[in-house]
Amino acid sequence: MTANTGPSPSPDAVRIIIVGGVAGGMSAAARARRLDEHAQIVVLEQGNYVSFANCGLPYHLSGEIAARDELLLHTPESLAGSLNLDVRTGQRVTGIDRTAQQVTIQTGDDSYALPYDALVLSPGAVAVRPAIEGLNHPAVHTLRTVPDVDALRERIEDLLAHPRHREQTQTRPRAVVIGAGFIGLEAVEALTARGLKVHLVELADHVLPPLDAELAPLLADELAAHGVDLRLGVSAQAVTQAAAMPVTLGGTIRESGKASSPGPVSVTLSDGAALAADLVIVNVGVRPASALALEAGLELGPTGAIRVDGDQHTSDPHIWAVGDAVEVTQAITGARIPVPLAGPANRQGRRAADSICGRRTTPQASVLGTAIVRVFGLTAATTGVNQATLRRAGIAHEVVHIHPGHHAGYYPGSEQVHLVASFAPDGTLLGAQGVGRAGVDKRIDVLATAIRAGMSANDLAELELAYAPPYGSAKDPVNMLGFVAQNVLDATMPQWQAQDLDKARETTLILDVRSRSEYSQGHVGGALNIPHLELRQRLNEVAAQAGGRTVSVYCASGVRSYLATRVLLSEGFDARNLSGGWLTLQALHPNL
Ligand SMILES: Cc1cc2nc3c(=O)[nH]c(=O)nc-3n(C[C@H](O)[C@H](O)[C@H](O)COP(=O)(O)OP(=O)(O)OC[C@H]3O[C@@H](n4cnc5c(N)ncnc54)[C@H](O)[C@@H]3O)c2cc1C
């Protein structure tokens, strides 16, 4: 389909061809038009839709975005009308002839060639297909495109309209979601909202693998509280047709919901478990869609992503590439990797158009990978790098954990924000993550800005952030991260980490400074309990039990134990405070 209704281009107009008509591609097209009224701009999209809100798909699945049309931000007609773009859907670019500067396009059974002066590749990513037997079963879905969400909604409507035998205790339709990454979690939330019983299968040992291990259990608890059956540390091995169960429809027993209904399946896991399901969504990540670029001989990086320079130029001076298909420089590690997120794709599209149109471009900034997801009542967000990446990259760092309220505690409705941040030895902020019911998004956005600006713990401590009791605190959680990191980095408060618990128990005295009642509800085995207000009077007990060893102090969140650590240090003890306290300890060691 083609919908160009604008004036005919002049013969000397620059010919810009864009492959892929969604985030990066459409940003490039729109910016190019704004910069060059006379350019001939053709957007080629293999699917039936352009400029659709793929980030909104899970929310249409859940029903929160009720109208499907809300997802379709533009049509070829609206883009022809507003931007004089020649947008062609159902047209797949199958080859690039770099010498002749033309692309080959397949449309139905026909193909044709189009010449270009500038070619922009924004083909996105392709879903990774894990090695699971039976993935072609019609009950197995992905969630990447408008047709994907249409198919899922149709399947759910069918399942809800034709419930299985009502005498069965399990009358809710059942789904298995494979992969607990960002989109997998959004799918789980959406399916649960539609009334399905959801099993979530994840190979890693915690949900949302980019999240630090001590934050992920908060999400796991939230999933469990909403009835999600979480299977961690296992992989799905096979999807097989299960025996069709009789269904009732108005009292009549039918053998399946619909003539075309695929019927229930069984998903076998690596631990031998078998999960019955009426539908399966597979979301185990994506890889760059770089086959076209590879075939054309463009340079790719080791991850298979298209190599580009700071202007989005590929190794061919007439070809630019943007979005999920390209390599970016990770801001902290310097690694060249793809980062499949909408923000970078949009900015890169704009930058490519600037470059094509001869604008002085600002070289591509490195990418932080700032990302956020809602999991029922919780928000999880991340920016920069996590601890595992820092360890793998051999980058020295200190990690601090805090659990403050999202606004002043005395104002009603304060919710705890769980924040983790990593700092270089010179205080530079390297990464931050947060989980909580409120206020996470703004803290992570401030911290992302701080990383981009090269800020340090000292800078965070001095940030002047908007404050009135309903919004924050006079010492905002971001300031608190700065204060705590300052204390750690200048040795005012030596600290220990929850993952070092075993070593701490072997070699140090563990001192619990919480109240007796908190202690009685759970504590580190063998810990000496001295409530922090009694510590000054009972230092002799600490000395007797420590016997010259280091004293590893903890409380619930790290505040009282900080005060206790300062008392002990002042009295000549070798003392250190547990980062994040019992809250962080329990997240990492749930069986304490
Ligand atoms: C369900 C879902 C939810 C998401 N949520 C978020 C979110 O909340 N936040 C966030 O930052 N990111 C999110 N993303 C990721 C974000 O959508 C992508 O990073 C972004 O769309 C990438 O832009 P792109 O232009 O590189 O690729 P896309 O937007 O995927 O566009 C690529 C287009 O190119 C077309 N194409 C490919 N090859 C050819 C060819 N040879 N010829 C013609 N056309 C071709 C494809 O059909 C596709 O339509 C989400 C993605 C999905 C699928």
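Up top is the structure.
Residues numbered from 1 in each chain as written. Predicted model: local features only at pLDDT ≥ 70, side-chain atom pairs only at ≥ 80, totals over all residues. Heavy atoms only, no water.

Not every positive phi belongs to a glycine, and Ser51 is a case in point at roughly 50°. Examined against the element boundaries, Ser51 turns out to sit in the loop between strand 2 (40-45) and helix 2 (57-62). Of the residues examined, Ser51 reaches a relative accessible area of 9% and is grouped as buried. (Helix = DSSP H or I, 4+ residues; strand = E, 2+ residues; numbered from the N terminus. Buried < 20%, exposed > 50% of the residue type's maximum accessible area, 1.4 Å probe, protein only.)

Quick look at the site of the ligand now. In the vicinity of the ligand lie 27 residues, with Gly24, Glu45, Ser122, Asp324 and Ala342 positioned nearest. Asn54 places a side-chain nitrogen or oxygen 3.0 Å from an oxygen atom of the ligand. Against a free-state accessible area of 990 Å², the protein chains account for coverage of 87% of the ligand. Secondary structure elements with two or more residues in the shell around the ligand: helix 1 (23-35), strand 2, strand 4 (92-97) and helix 8 (342-356). With three residues, helix 1 is the largest single contributor of residues to the shell around the ligand. (Near = heavy atom within 4 Å. Polar contact = N/O pair within 3.5 Å; in protein donor to acceptor, adjacent residues only side chain to side chain. Areas by Shrake-Rupley, 256 points an atom, 1.4 Å probe, with all protein chains shown as cover.)

Right, let's get into the side chain of Thr382. Along the chain, the position of Thr382 falls in strand 24 (residues 378-384). Owing to a relative accessible area of 8%, Thr382 belongs among the buried residues under this scheme. Engagement of the side chain of Thr382 in a polar contact is seen with the side chain of Gln433, the distance being 3.4 Å. Each residue touching Thr382, except ones within four places of it in the same chain, is listed here: Phe182, Gly369, Thr370, Ala371, Ala432, Gln433 and Ile444. (Contact = heavy atoms within 4.5 Å.)

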